Structures are given as structure tokens and as C-alpha cells.
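So the chains spell out like this:
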Amino acid sequence: MKMGKLLNATCILLYAVSAVAALLIVSKVVEVRSKCTQEKKRISALISEINDLKDENTRLTVEYYSKVRPELSDKGSSDLKTFGEDEVEYVK
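A quick note: this is a predicted structure, and the numbers were derived from the prediction, not measured. (Residues numbered from 1 in each chain as written. Predicted model: local features only at pLDDT ≥ 70, side-chain atom pairs only at ≥ 80, totals over all residues. Heavy atoms only, no water.)

## Concerning the overall build of the protein chain
Across its full length, the protein chain carries two helices and zero strands. Expressed as a percentage of the 92 residues in the protein chain, the buried residues total 0%. As presented, the protein chain carries roughly 9000 Å² of accessible surface, and 64% of it is formed by carbon and sulfur atoms. (Helix = DSSP H or I, 4+ residues; strand = E, 2+ residues; numbered from the N terminus. Buried < 20%, exposed > 50% of the residue type's maximum accessible area, 1.4 Å probe, protein only. Areas by Shrake-Rupley, 256 points an atom, 1.4 Å probe, with all protein chains shown as cover.)

Following this line, the structure appears as C-alpha cells:
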């Protein structure tokens, strides 16, 4: 009969250890997912900031060439054709 009690005690101990191990694993998974979410948010903010800086750079470049060096922008656009509202040109 002692062997049965020892076996029951061992099973109960293993169940308790399994429950604690499961809780530790779940808490670690939650922590990692939280960090991933924060990093995704940070990366999205950085991408948005990069796009804003690119737009600002384009705007400043256009402004520079139109104010400081208008001869370059005029030379580059001199061969462009202005189309009317209903005109279309197909490019191959």
C-alpha cells in the first residue's frame, strides 16, 4: 500500500511542476509578444518618419532648383508639351 501512496504523491508533484512550468512558458510567450508589438509600433513610426523626410527632401529640392537655379529646371522642362484637358499621348 505504501507504493500506491508514493505513486500518488509523485503524480501530484509532477502535476504541480507541470502547472508551474506551463505558467512560466505562457508568461514568457506573453512577454515576447508584447515586445514584438512594441517593436512593430516603433518600426512603423520610423517608416512613417522616413517617408515624411523623403517628401520634405523632394519638396526642398524642387524649391531649391526653382529659386536658386531656375536655369536647370527650365532647361529640363523646355521640351515638355502641355496637353489640353481632352488630349492624350501614348508612350511606347
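## Remarks on the pattern of salt bridges
Enumeration according to the criterion identifies six salt bridges in this entry. The partner of E56 in a salt bridge is R59, with the nearest N and O atoms 2.7 Å apart. In this pair, E56 and R59 both sit in helix α1 (residues 2–67), three residues apart, roughly one turn of the helix. You can call E56 partly exposed: its relative accessible area is 33%. Put simply, K67 and E63 hold a salt bridge, and the shortest N to O gap is 3.5 Å. Remark: E63 and K67 occur in helix α1; sequence separation between them is four residues, near one turn of the helix. Among the charged side chains, a network of salt bridges with common partners joins E56, R59, E63 and K67. (Salt bridge = Lys/Arg side-chain N within 4 Å of Asp/Glu carboxyl O.)

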